[in-house]
Amino acid sequence: MRGLFLATAALAAGLLAGCASEPTRLPLGVSRAEALQRLGAPTATYPLAGGGERLQYSRQPAGFDVNNVDLDATGRVVAVSSVMSDAWFDREIRVDAWRVPDVLRTFGPPEQVTRVFSFQGDVWQWRYLQLNSPRLLFIYIDPQGVVRRYHTGDDLRFVPPSPGRN
């Protein structure tokens, strides 16, 4: 009986720790120190205008999420953003205005960088989920480091083959 109690307590503690380490559950107004205590070390940090800082928590390349925790100049959390969604891309990505630092500050390093014949430059790629369907975000960056276009598509690595297809 004692073993069952200890196992249950360990499971509950693990679940609570998992919730505490989820950036989207971080309350606004907490200090940088408390954010780091709850979330652990970020995968990257970036300076923000006005003396603020972005703590970025990315689960790329194996996972699907990128969460940004923005701090003001006093070190308090003022925004928490989950940035991997079609609505977010359409609202925030600035074609012909964003440069490589803007992309990195928003999404972090890409899962993959490729080239295609129809574009002079690199195509950066991130994974995300849309209603539990694996998807990809592609951002096209020209040789001068400017975002020229973006689009999304199905992640075909996770699509089962159709019947009759090998």
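Residues numbered from 1 in each chain as written. Predicted model: local features only at pLDDT ≥ 70, side-chain atom pairs only at ≥ 80, totals over all residues. Heavy atoms only, no water.

Before going further, it helps to spend a moment on the sheet that holds strand β3 (residues 66-71). Within the open sheet, the 4 strands sit side by side as β1-β2-β3-β4. Their pairing is antiparallel. Whereas interior strands pair on both sides, the edge strands pair on one side only; in this sheet they are β1 (44-47) and β4 (77-82). Here the strands of the sheet are splayed against their neighbours by 20° on average, with no regard to which way each runs. Where β3 lies against β4, 5 bridges are found, and the strand directions are antiparallel. Residue pairing across strands places N68 opposite S81, the latter belonging to β4. Contacts from helix α2 (residues 32-39) reach β2 (53-58), β3 and β4 within the one sheet, and its direction differs from that of β2 by about 5°. (Pairing = 2+ DSSP bridges. Helix = DSSP H or I, 4+ residues; strand = E, 2+ residues; numbered from the N terminus. Axes fitted to C-alpha atoms, helices over the stretch in contact; angles between N-to-C directions. Contact = heavy atoms within 4.5 Å.)

Quick look at unusual backbone geometry now. With an omega of 5°, the peptide bond running from Q60 to P61 counts as cis. By the element assignment, P61 lies in the loop between β2 and β3. In this structure, L131 is a non-glycine residue whose phi angle is positive, near 50°. Residue placement: L131 occurs in the loop between β6 (122-130) and β7 (133-141). Within the chain, N132 stands out as a residue other than glycine whose phi angle is a positive 70°. Summarising the element assignment, N132 is placed in the loop between β6 and β7.

Turning our attention to helix α4 (residues 100-107). Three or more residues of α4 are buried, namely D102, V103, T106 and F107. For α4, the angular spread of the buried residues around the axis is 100°, confining them to a single face. If you follow the buried residues of α4, they end up packed against β2, β3, α3 (86-92), β6, β7 and β8 (147-154). Backbone geometry just downstream of α4 places G108 in the positive-phi region, at approximately 75°. (Buried < 20%, exposed > 50% of the residue type's maximum accessible area, 1.4 Å probe, protein only. Arc of directions from axis to C-beta.)

Strand pairing within a sheet occurs via backbone hydrogen bonds; the two strands may be parallel or antiparallel. Spatially, β5-β6-β7-β8 is the arrangement adopted by the 4 strands of the open sheet, whose pairing is antiparallel. Looking at the sheet topology across the chains shown, the edges are occupied by β5 (112-114) and β8. Strand-to-strand twist of the sheet, defined as the mean angle between neighbouring strand axes without regard to direction, takes the value 30°. Strand direction decides the pairing type here: β5 and β6, joined by 3 bridges, are antiparallel. By the bridge assignment, Q112 is partnered in β6 with Q125. Strands in contact with α4 are β6, β7 and β8; relative to β6, the strand with the most contacts, it is inclined by about 20°.

Of all hydrophobic cores here, the largest spans 16 residues; its most connected members are M84, I93, V103, F107, W126, L137 and I139. Sorting the residues of this core by element identifies α3, α4, β6 and β7 as the ones contributing at least two each. Residues contacting I93, with those up to four places away along its chain left out, are W88, W98, F107, L137, I139, V147 and Y150. (Core = buried A, V, L, I, M, F, W, Y, C linked by side-chain atoms within 4.5 Å.)

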